[in-house]
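# Results of the structural survey
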Amino acid sequence: MNEQVAAPRIGGWLLLPLAWLIMTLLTTALVLAMYLSPLFNPAWRVTLFSHGSTLLLQWAISVLTAAAVWLYSLWVCWLFFKRSRRLPRHYVLWLLVTVLLALKTFAFTPVSDAKALQTLLLSLLAAAVFAPYFKRSQRVKATFTQP
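Below: a short report on this structure.

Parameters and conventions
Residues numbered from 1 in each chain as written. Predicted model: local features only at pLDDT ≥ 70, side-chain atom pairs only at ≥ 80, totals over all residues. Heavy atoms only, no water. Helix = DSSP H or I, 4+ residues; strand = E, 2+ residues; numbered from the N terminus. Rg over C-alpha atoms; globule rule 2.2 N^0.38 Å. Buried < 20%, exposed > 50% of the residue type's maximum accessible area, 1.4 Å probe, protein only. Contact = heavy atoms within 4.5 Å. Areas by Shrake-Rupley, 256 points an atom, 1.4 Å probe, with all protein chains shown as cover. Core = buried A, V, L, I, M, F, W, Y, C linked by side-chain atoms within 4.5 Å. Expected span 1.5 Å × (residues − 1). Axes fitted to C-alpha atoms, helices over the stretch in contact; angles between N-to-C directions. Parallel < 35°, antiparallel > 145°, perpendicular 65-115°, else oblique. Patch = residues over 30% accessible without salt bridge, like charges linked within 9 Å, V, L, I, M, F, W, Y side chains within 5 Å. Salt bridge = Lys/Arg side-chain N within 4 Å of Asp/Glu carboxyl O. Lys, Arg positive; Asp, Glu negative; His and termini not counted. Charge placed at Lys NZ, Arg CZ, Asp CG, Glu CD. Phe/Tyr/Trp six-rings, centres within 6.5 Å; stacked < 30°, edge-to-face > 60°.

### Brief notes about the overall build of the protein
For the protein, the count of helices and strands is six helices and zero strands. Ordered by position in the sequence, the α and β elements of the protein form the string α-α-α-α-α-α. Over its C-alpha trace the protein gives a radius of gyration of 19 Å, far above what one expects of a compact globule, namely 15 Å for 147 residues. With the C-alpha coordinates aligned to their principal axes, the bounding extent of the protein is approximately 70 × 30 × 20 Å. When each of the 147 residues of the protein is scored for burial, the buried share is 30%. Pairs at least 24 apart in sequence give 68% of the contacts found in the protein among residues at least 6 apart. For the protein, the exposed area adds up to about 9,700 Å²; of that, 71% sits on carbon and sulfur atoms.

What follows is the structure, given as structure tokens:
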């Protein structure tokens, strides 16, 4: 008889990184909606397109960055639920991307330093906890086995 052992279900401590991933996916969707809102408001649209190419370029870069992060987060989420063996590597890479975006926010975005620092510290904490967990955990190695 050929019995195939099924990989463990997603549960336990794996729910925490999954929740962080889903929360970031939802937050990025809201940010993307915020960036796209000037296209639907006539006054904001006029302001966006009448201030020269610098403002429009910054806006376009922000929209493209938010869209790329949202798409990558969605793909990592799909890998998570598929229990793909590629997930641990991509989850760690995704954590690195979130830390780099938090650093960019802290350095270049005109928001309060307290809010930017909070975002940076949360991203660093998540990376510091979840990256070693995905690299060394036997549960992760046993769960994410699908091609």
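### A look at the nonpolar core
In this structure, Phe80, Leu87, Tyr91, Leu95 and Phe134 are the most contacted members of the largest nonpolar core, which totals 20 residues. Breaking this core down by element, the ones donating at least two residues are helix 1 (15-36), helix 3 (52-82), helix 4 (87-108) and helix 5 (113-136). Each residue touching Tyr91, except ones within four places of it in the same chain, is listed here: Pro17, Trp20, Leu21, Val76, Phe80, Phe130 and Phe134.

### Things to note about helix 4
With 22 residues, helix 4 should reach 32 Å at 1.5 Å per residue; the first-to-last C-alpha distance of 31 Å fits that figure. Three or more residues of helix 4 are buried, namely Leu87, Pro88, His90, Tyr91, Trp94, Leu95, Thr98, Val99 and Ala102. Those residues of helix 4 that are buried lie in contact with helix 1, helix 3, helix 5 and helix 6 (138-143).

### With respect to the packing of helix 2 (residues 42-50) against helix 3
Describing two packed helices takes the angle between their axes plus the distance from one axis to the other. Here helix 2 crosses helix 3 at 115°, and the two axes come no closer than 6 Å. Viewed along their axes, helix 2 and helix 3 adopt a mutual orientation that is roughly perpendicular. Taking contact as the criterion, the partners of Thr47, Leu48, Phe49 and Ser50 in helix 2 are, on helix 3, Gly52, Leu55, Leu56 and Trp59.

### Some words on a positive patch on the surface
There is a patch of like positive charges on the surface, built from Lys82, Arg86, Arg89 and Lys135. Residue placement: Arg86 occurs in the loop between helix 3 and helix 4.

### Describing the packing of aromatic side chains
As enumerated under the stated definition, the model contains seven aromatic pairs in all. Here Tyr133 and Phe134 contribute two aromatic rings whose centre-to-centre distance is 5.9 Å and whose plane-to-plane angle is 90°, an arrangement assigned as edge-to-face. According to the relative accessible area criterion, Tyr133 is partly exposed, its value standing at 21%. Residue Phe134 is classed as buried on the basis of its relative accessible area of 3%. By the ring-pair criterion, three or more aromatic residues cluster together here, those being Phe80, Tyr91, Trp94, Phe130, Tyr133 and Phe134.

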